[in-house]
Amino acid sequence: MYSAGENLTLAPIADTDIEQARQFFTIRFWGAYSTVKYASTHINPGGSIGLMGGNAGLRPAKNWTIAASICSAMEGLTRALAVELAPIRVNLVVPGIVRTGLWDGLPPADRDNYFNTIAETLPVHRIGTPDDIAQAYIYLMKQGYCTGQQLVVDGGHILV
């Protein structure tokens, strides 16, 4: 499993710092690419590689241009790696809003307000937990007939 991230920095494209945007791609896309490049030779045929994306690629919000672009790039990478590395399976977990340290860049009151506001709109009426995401990875590792796919675990966020 590859999962890397930094505190989110969201901004309109006009205000985007290109070097910072490149760093986000380096961590999230090139980090995953490099990890798979060097780890895949140590995975048995039929083994599983799990990558992390995000639902911003499926349902981008205003000022999420960089995040949405990285998430979409991870979807393409997953499909291409599944073909190239077969019979090793490669899949992508696509979480929605999950209560993790990724949101620590927001002041606590703003973060809690954001979580509460989003939870009210979700069909499941709650924010995701790390355990929700871990269960998705376990499923994909055990599911031997799934490769090149994305498993969306977002409480129904892309539906509303």
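Bear in mind that the values here come from a model prediction, so they are computed numbers and not experimental data.

(A) Examining the sheet that holds strand S3 (residues 150-153) more closely. Across the sheet, which stays open at both edges, the three strands sit in the order S1-S2-S3 with parallel pairing between neighbours. Of all strands in the sheet, those with a lone pairing partner are strand S1 (48-52) and S3, marking the two edges. Sheet twist, expressed as the average angle between the axes of neighbouring strands with direction ignored, equals 25°. Where strand S2 (residues 89-95) and S3 come together, four bridges link them in parallel fashion. The residue of S3 that forms the bridge with Pro95 is Val153. On top of the sheet, helix H4 (residues 130-142) reaches S1, S2 and S3; it is set at about 160° to S2, its chief contact.

(B) Inspection of the nonpolar core at higher detail. If you look at the biggest cluster of nonpolar residues, it comprises 16 residues, and the most contacted ones within it are Ile49, Leu51, Met74, Leu77, Leu81, Leu85 and Val90. Elements with a contribution of two residues or more to this core: helix H1 (18-39), S1, helix H2 (65-85) and S2. Sort the elements by how many residues they give to this core and H2 lands first, with six residues. Those residues in contact with Ile49, other than ones at most four positions away along the chain, are Val36, Ser40, Ile43, Leu85, Ile88, Arg89, Val90 and Asn91. Counting residues in hydrophobic clusters, the runner-up holds 12 residues, among them Ala67, Ala68, Cys71 and Ile97.

(C) Examining the pattern of salt bridges more closely. This model, assessed by the stated rule, comprises three salt bridges. Residue Glu19 is joined to Arg22 by a salt bridge in which the shortest nitrogen-to-oxygen separation is 2.6 Å. On the criterion of helical spacing, the pair formed by Glu19 and Arg22 is a turn pair, its members being three residues apart in helix H1. Close ionic contact of Arg126 with Asp132 constitutes a salt bridge, the shortest N to O distance being 2.8 Å. Overall, Arg126 belongs to the partly exposed group, its relative accessible area being 40%.

(D) Representation of the pairing of S2. Counting buried residues along S2, seven of its seven residues qualify, which places the element largely inside the surrounding structure. Burial of S2 is two-sided: the residues Arg89, Asn91, Val93 and Pro95 facing one way and the residues Val90, Leu92 and Val94 facing the other way are all buried. In this fold, S1 hands off to H2, which returns the chain to S2; that crossover is right-handed.

(E) Structural detail: H4. Look at H4: 19 Å from first C-alpha to last across 13 residues, which is about the 18 Å you get at 1.5 Å a residue. Looking at H4, one finds that the buried residues are Asp132, Ile133, Ala136, Tyr137 and Leu140. Axial view of H4: buried residues confined to an arc of 140°, hence all on one face. Elements that come into contact with the buried residues of H4 comprise S1, S2 and S3.

Definitions and limits used
- Residues numbered from 1 in each chain as written.
- Predicted model: local features only at pLDDT ≥ 70, side-chain atom pairs only at ≥ 80, totals over all residues.
- Heavy atoms only, no water.
- Pairing = 2+ DSSP bridges.
- Helix = DSSP H or I, 4+ residues; strand = E, 2+ residues; numbered from the N terminus.
- Axes fitted to C-alpha atoms, helices over the stretch in contact; angles between N-to-C directions.
- Contact = heavy atoms within 4.5 Å.
- Core = buried A, V, L, I, M, F, W, Y, C linked by side-chain atoms within 4.5 Å.
- Buried < 20%, exposed > 50% of the residue type's maximum accessible area, 1.4 Å probe, protein only.
- Salt bridge = Lys/Arg side-chain N within 4 Å of Asp/Glu carboxyl O.
- Right-handed = clockwise from strand over helix to strand, strands pointing away.
- Expected span 1.5 Å × (residues − 1).
- Arc of directions from axis to C-beta.

Everything listed here is a matter of geometry and, on its own, says nothing about what the molecule does.
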